[in-house]
Amino acid sequence: MVLSQEEIDGCNEAFKAFDTDGSGSIDVWELRQVLEAMGQKPTEEELFQMISEVDEKMSGSIDFAEFLKVIEHQKERAENFDDESDMIDAFVACGGLPDKSGHVKRETLVKIIKYDFGLTIDIEELINKIDSDGSGEIEFDDLNNYYHNIA
């Protein structure tokens with residue numbers, strides 16, 4: 001994942017702002033502050049993993065070039081993770097299971113779309129497009145396939 005010049009410039013500003021001692025490198029705690037300032041909330045384990053993946057000198061801190069690698073990795077993970085994670089969350093919220101098994105009943109989806117959210121879309125038509133086997137039950141693969149066909 002390649003960062004744009006605008007993203008690199010933003011990273012440079014963030015890096016400099018959190019390199020409080022002016023050493024040209026940041027440690028795990030400074031990295032946490034940078035990522036939180038950028039809207040991310042990494043766990044301690046994730047922070048140490050990020051540094052270990054790019055810390056070529058094994059110093060326990062990273063310079064700007066290594067920091068850019070961390071941001072590239074984070075951006076790539078976020079792009080790959082969010083779609084799948086959000087899809088699973090939606091599936092579970094409608095009655096499916098977190099392991100992608102189970103199904104969402106037609107009646108449940110109609111209730112959520114029409115009554116809970118008050119949307120005026122033709123939900124019956126949409127369900128007919130999504131429900132590949134015509135069972136009246138939407139499996140995770142049905143939702144996922146539909147999403148990727150329209151995205």
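Anyway, here's the lowdown on the structure attached to this text. All figures in this text were calculated on a predicted structure; none of them were measured in a lab. The numbers attached to residues start from 1 for each chain and follow its sequence in the written order. At least 70 in pLDDT is required for a residue's local features to be given in this predicted model, at least 80 for side-chain atom pairs to be given and counted, and no such filter applies to totals for whole chains, interfaces and linings, which use all residues. Processing note: side-chain calculations cover all non-hydrogen atoms of the structure and skip hydrogens and water entirely.

**Brief notes about the overall build of the chain**
Moving on, step 1. Numbered from the N terminus, helices here are DSSP runs of H or I no shorter than four residues, and strands are runs of E no shorter than two. If you tally the helices and strands in the chain, you get seven helices and four strands.
Moving on, step 2. Taking the principal axes of its C-alpha atoms as reference, the chain extends roughly 60 × 30 × 25 Å.
Moving on, step 3. The 151 residues of the chain split such that 32% are buried.
Moving on, step 4. In this description, contact between two residues means that some pair of their heavy atoms is separated by no more than 4.5 Å. Counting only contacts in the chain whose residues sit at least 6 apart along the sequence, the fraction spanning at least 24 positions is 43%.
Moving on, step 5. Charge assignment in this entry is limited to Lys and Arg as positive and Asp and Glu as negative, and neither His nor the chain termini are counted. The location of each charge is read from NZ of Lys, CZ of Arg, CG of Asp or CD of Glu. Seen as two clouds, the 13 positive and the 37 negative side-chain charges of the chain have centres 4 Å apart. Throughout this description, buried means an accessible area under 20% of the type-specific maximum (1.4 Å probe, protein chains only), exposed means over 50%, and partly exposed covers the range between.

**A few points about the layout of surface pockets**
Moving on, step 1. Taken as a whole, the largest pocket holds about 320 Å³ of empty space.
Moving on, step 2. A pocket here means an open set of points on a 1 Å grid, computed over the protein atoms alone, that has protein on both sides within 12 Å along at least five of seven lines. A cavity is instead a set of points where a 1.4 Å probe fits but cannot get out; residues with an atom within 4 Å of a point line either one. Forming the boundary of the largest pocket are 17 residues, of which Met87, Ala90, Leu109, Ile130 and Leu143 lie nearest the centre.
Moving on, step 3. Contributions of two or more residues to the lining of the largest pocket are made by helix 4 (64-93), helix 5 (106-116), helix 6 (123-130) and helix 7 (140-150).
Moving on, step 4. The class makeup of the residues in the lining of the largest pocket is 16 nonpolar, no polar and one charged. Grid points are joined across faces, edges and corners, and a volume is the space filled by probe spheres set on the points. Charged residues are taken to be Asp, Glu, Lys and Arg, nonpolar residues to be Ala, Val, Leu, Ile, Met, Phe, Trp, Tyr, Cys and Pro, and polar residues to be all remaining types, Gly included.

**Details of the nonpolar core**
Moving on, step 1. Among buried residues, those of type Ala, Val, Leu, Ile, Met, Phe, Trp, Tyr and Cys that are joined through side-chain atoms within 4.5 Å constitute a nonpolar core. Within the largest apolar cluster, 18 residues are counted, with the highest numbers of intra-cluster contacts made by Ile26, Leu31, Ile62 and Phe67.
Moving on, step 2. Residue assignment for this core shows that the elements contributing at least two residues are helix 1 (5-18), helix 2 (28-37), helix 3 (44-54) and helix 4.
Moving on, step 3. Leu31 has contacts with Ile26, Leu47, Met50, Ile51, Ile62, Phe67 and Val70, leaving out every residue within four places of it along the chain.
Moving on, step 4. Met87, Ile88, Leu109 and Val110 belong to the second largest nonpolar core, which has 15 residues in total.

**A short note on a nonpolar patch on the surface**
Moving on, step 1. Patch members must show over 30% relative accessible area and no salt bridge, and they are joined within 9 Å when carrying like charges or within 5 Å when they are nonpolar side chains of Val, Leu, Ile, Met, Phe, Trp or Tyr. Each accessible area is a Shrake-Rupley estimate made with a 1.4 Å probe; only the visible protein chains count as cover when residues are assessed. By convention in these notes, a salt bridge is any Lys or Arg side-chain nitrogen within 4 Å of a carboxyl oxygen on Asp or Glu. Taken together, the side chains of Phe117, Leu119 and Ile121 make up a nonpolar region of the molecular surface, amounting to roughly 300 Å² of accessible area.
Moving on, step 2. With respect to the helices and strands, the residue Leu119 is situated in the loop between helix 5 and helix 6.

**Overview of unusual backbone geometry**
Moving on, step 1. Here the phi dihedral of Met58 falls at roughly 55 degrees; this positive angle occurs in a residue that is not glycine.
Moving on, step 2. Mapped onto the secondary structure, Met58 falls in the loop between helix 3 and strand 2 (61-63).
Moving on, step 3. Classification of Met58 as exposed rests on a relative accessible area of 68%.
Moving on, step 4. Residue Lys100 is not a glycine yet carries a positive backbone phi of 75 degrees.
Moving on, step 5. Relative to the helices and strands, Lys100 resides in the loop between helix 4 and strand 3 (104-105).

**Side note on the environment of Glu139**
Moving on, step 1. Relative to the elements of secondary structure, Glu139 occurs in the loop between strand 4 (137-138) and helix 7.
Moving on, step 2. The partly exposed category is assigned to Glu139, whose relative accessible area is 25%.
Moving on, step 3. As a C-alpha pair, Glu139 and Leu97 span 42 residues in sequence and 9.9 Å in three-dimensional space.

**Let's talk about the packing of helix 5 against helix 6**
Moving on, step 1. Following both chains from N to C, one finds helix 5 and helix 6 inclined at 135 degrees, their axes separated by 10 Å at the closest point. Classed by the angle they form, the pair helix 5 and helix 6 counts as oblique. Regarding helix 5 and helix 6, the two cross each other, and that crossing is right-handed. Here helix 5 contributes Arg106, Leu109, Val110, Ile113 and Lys114 to the contact with helix 6, which in turn contributes Ile123, Glu124, Ile127 and Asn128.
Moving on, step 2. Its residues placed into classes, the contact of helix 5 with helix 6 shows five nonpolar, one polar and three charged. Whenever a helix is involved, its axis is fitted only over the stretch in contact; in every case the axis is a line through C-alpha atoms, and angles between N-to-C directions fall within 0 to 180 degrees. Should an angle fall under 35 degrees it is taken as roughly parallel, and over 145 as roughly antiparallel, whereas 65 to 115 is taken as roughly perpendicular and any remaining angle as oblique. Each crossing gets its handedness from the near helix: less than a right angle anticlockwise from the far helix is left-handed, clockwise is right-handed.

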